[in-house]
Amino acid sequence: MAAPGIRDYLGYGGHGLMVFDIDHGHKFVKRIALNGLHPKNGLPSNVKGIGVSLPLHSVYVTTLEALQRIDIVTGKLIWEKPIPGGCDRLSVSPDGKTMYLPSLESHYWNVIDCENGNIIKRLDGFNASHNTIYALSGKHAYPADIKNTIVKIADTKTNEVTARVGPFINFVRPFTINRKETRIFVNCNDLLGFEVGDITTGKKVAHKEVEGWTTGPVRRHSCPSHGIGLTPDEKEIWLCDGFNMRMHIFSAVEPYQQLTTIPLQDMPGWITFTIDGKYAYPSSGEVIDVKTRKIVTILKDENYNNVASEKVLEIDFKDGKPVRAGDQFGVGRAM
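(A) Looking closely at unusual backbone geometry. Omega for the bond connecting G166 with P167 falls within 30 degrees of zero, at 5°, which places this linkage in the cis form. Position of P167 relative to the elements: it lies in the loop between β15 (160-165) and β16 (172-177). For the bond running from E254 to P255, omega is 10°, close enough to zero to count as cis. Looking at where P255 falls in the secondary structure, it is placed in the loop between β22 (246-251) and β23 (258-263). Although it is not a glycine, Y256 sits at a positive phi angle of roughly 60°. Checked against the element boundaries, Y256 lands in the loop between β22 and β23.

Given below as structure tokens:
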């Protein structure tokens, strides 16, 4: 869990990379020091994204201004590079060699060499670069800007935009995809709910609103539903509701039936899962048993303070080395 992972609010976990033991009740293990300071005042800058390269044994953390590479095993900072134009929510390729790194709501993405942080190529032609998913196939990246009603798709061999899906009802915010890359599920501005796109045809195929709950002003993101994820088995869609401080759950099969809702301690702005789909991690700090819908614990730091972040992922170790990694996005993993 990278912090500060909710804007630059230090009250949600201070500053650093916090490690928790999933197999032992999500007990706090340690805090790894981060750089990433505002150049003007020296205070911790907003963490914008987190990613992993298993071959390089590295965790990558972006802030508003820079990209950091941290050794997973030793916890040491390998390098930190200021990125012209700033950084947003990165995504690392499955082979751990490259990443798609959005500029800070500008008009381009940088394709980055994960080993040295050098810029390989720039993809231009966007309105406000923001969220990125690198597909598990490794064949495509999904760079989505927050001032566009469509999501563009890049071929990662050529690093060129080759397809798109949409338009959706409003500007696209967080989104997720299934493993086969046939469906995309998107949050949109002013929508308490989600829309669905057919990636193969590029068309929007469904519009779903949350039933039984009214919407209103939210404290962050200016979006009623900011955060959406597929359970790894792709059977359910988990949807954030910032105004009502809830997680709404839907069937991931048409007609996307609304199943239940879970109250949370704070406003959720993100959702992801363990690789096996056992636990869900809303950005409000709870750990939820996906099957029973029960909150099993609240993540706490070394001083037993509740912590929360929108930048969370799982890394599995064997004999002290990283062997498997999840993702900050709740992407589908069904084979």
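Additional details are given in the paragraphs that follow.
(B) Layout of the side chain of H226. On the secondary structure map, H226 appears in the loop between β19 (203-209) and β20 (228-230). A polar side-chain atom of H226 sits 3.4 Å from a polar atom in the side chain of H221. Here G269 takes part through its backbone oxygen, which lies 2.8 Å from a polar atom of the side chain of H226. With residues up to four places along the chain from it excluded, the contact list for H226 reads R173, P174, N187, H221, C240, P268, G269 and W270.

(C) Examining the side chain of D88 more closely. Mapped onto the elements, D88 comes out in the loop between β7 (77-82) and β8 (91-92). Exposure remark for D88: the relative accessible area of 1% places this residue in the buried category. Apart from residues lying up to four places away in sequence, D88 is in contact with K48, G49, T62, L101, P102, S103, L104, E105, S129 and H130.

(D) Spatial organisation of the nonpolar core. Judged by nonpolar contacts, the single largest core of 19 residues is most densely connected at Y142, V151, F168 and I184. Of all elements in the fold, only β13 (140-145), β14 (151-155), β16 and β17 (183-188) reach the threshold of two or more residues within this core. Setting aside its immediate chain neighbours within four residues, F168 contacts T149, V151, I184, V186, C188, E195, V196, G197 and K204. Grouped together as the second largest cluster of nonpolar side chains are 13 residues, L192, I237, F250 and A252 included.

(E) Just the sheet that holds strand β5 (residues 58-63), in detail. In spatial order, the strands read β4-β5-β6-β7; together these four strands make up an open sheet with antiparallel pairing. Bordering the open sheet on either side are β4 (47-53) and β7, each of which pairs with just one other strand. The sheet shows a mean angle of 15° between the axes of neighbouring strands, taken without regard to direction. Relative to β7, strand β6 (residues 66-71) runs antiparallel, the two sharing five bridges. Bridge assignment links I70 to a residue of β7, and that residue is L77.

(F) Structural context of the pattern of salt bridges. Under the counting rule described, the total for this entry stands at ten salt bridges. R183 is paired through a salt bridge with D198; the nearest N and O atoms lie 3.2 Å apart. You can see R183 sitting in strand β17 and its partner D198 sitting in strand β18 (residues 193-198), a full 15 residues away along the chain. Residues joined by salt bridges that share partners form a network here, namely R31, D301 and E302.

(G) Seen up close, the sheet that holds strand β12 (residues 129-134). Taken in spatial order, the four strands of this open sheet run β12-β13-β14-β15, and their pairing is antiparallel. Two strands in the sheet have a free side with no partner beyond their single neighbour: β12 and β15. Ignoring which end each strand starts from, the neighbouring axes of this sheet average 30° apart.

(H) Examining the pairing of strand β3 (residues 27-32) more closely. In this structure, strand β2 (residues 16-21) lies alongside β3, joined through five bridges in antiparallel fashion. In the sheet register, D21 faces β3, and the bridge partner there is K27. Between β2 and β3, which pair antiparallel and follow one another directly, the connecting turn spans five residues, one of which, G25, has a positive phi of 65°.

(I) Quick look at the pairing of strand β9 (residues 98-102). With five of its five residues buried, β9 lies for the most part within the structure. Here β9 shows no split at all, with T98, Y100 and P102 on one side and M99 and L101 on the other all buried. When β8 meets β9, the two strands line up antiparallel, connected through two bridges. Its bridge partner being in β9, V92 is matched across the sheet by M99. Across five bridges, the pairing between β9 and strand β10 (residues 108-113) is antiparallel. Residue pairing across strands places P102 opposite W109, the latter belonging to β10.

(J) Molecular detail of the packing of aromatic side chains. All told, the structure shown has eleven aromatic pairs when counted by the stated rule. Here F194 and Y256 contribute two aromatic rings whose centre-to-centre distance is 6.0 Å and whose plane-to-plane angle is 80°, an arrangement assigned as edge-to-face. Here Y256 lies in the loop between β22 and β23 and F194 lies in strand β18, a separation of 62 residues in the sequence. Using a relative accessible area of 0% as the deciding quantity, one classes F194 as buried.

(K) Here's a closer look at the state of the cysteines. Taken as a whole and assessed by the stated rule, the structure comprises zero disulfides. Left without a disulfide partner, C188 is nearest to the cysteine sulfur of C223, which lies 7.7 Å away. Accessibility expressed as a relative area gives 1% for C223, which makes it buried.

Conventions used here
Residues numbered from 1 in each chain as written. Predicted model: local features only at pLDDT ≥ 70, side-chain atom pairs only at ≥ 80, totals over all residues. Heavy atoms only, no water. Helix = DSSP H or I, 4+ residues; strand = E, 2+ residues; numbered from the N terminus. Polar contact = N/O pair within 3.5 Å; in protein donor to acceptor, adjacent residues only side chain to side chain. Contact = heavy atoms within 4.5 Å. Buried < 20%, exposed > 50% of the residue type's maximum accessible area, 1.4 Å probe, protein only. Core = buried A, V, L, I, M, F, W, Y, C linked by side-chain atoms within 4.5 Å. Pairing = 2+ DSSP bridges. Axes fitted to C-alpha atoms, helices over the stretch in contact; angles between N-to-C directions. Salt bridge = Lys/Arg side-chain N within 4 Å of Asp/Glu carboxyl O. Phe/Tyr/Trp six-rings, centres within 6.5 Å; stacked < 30°, edge-to-face > 60°. Disulfide = S-S within 2.5 Å.

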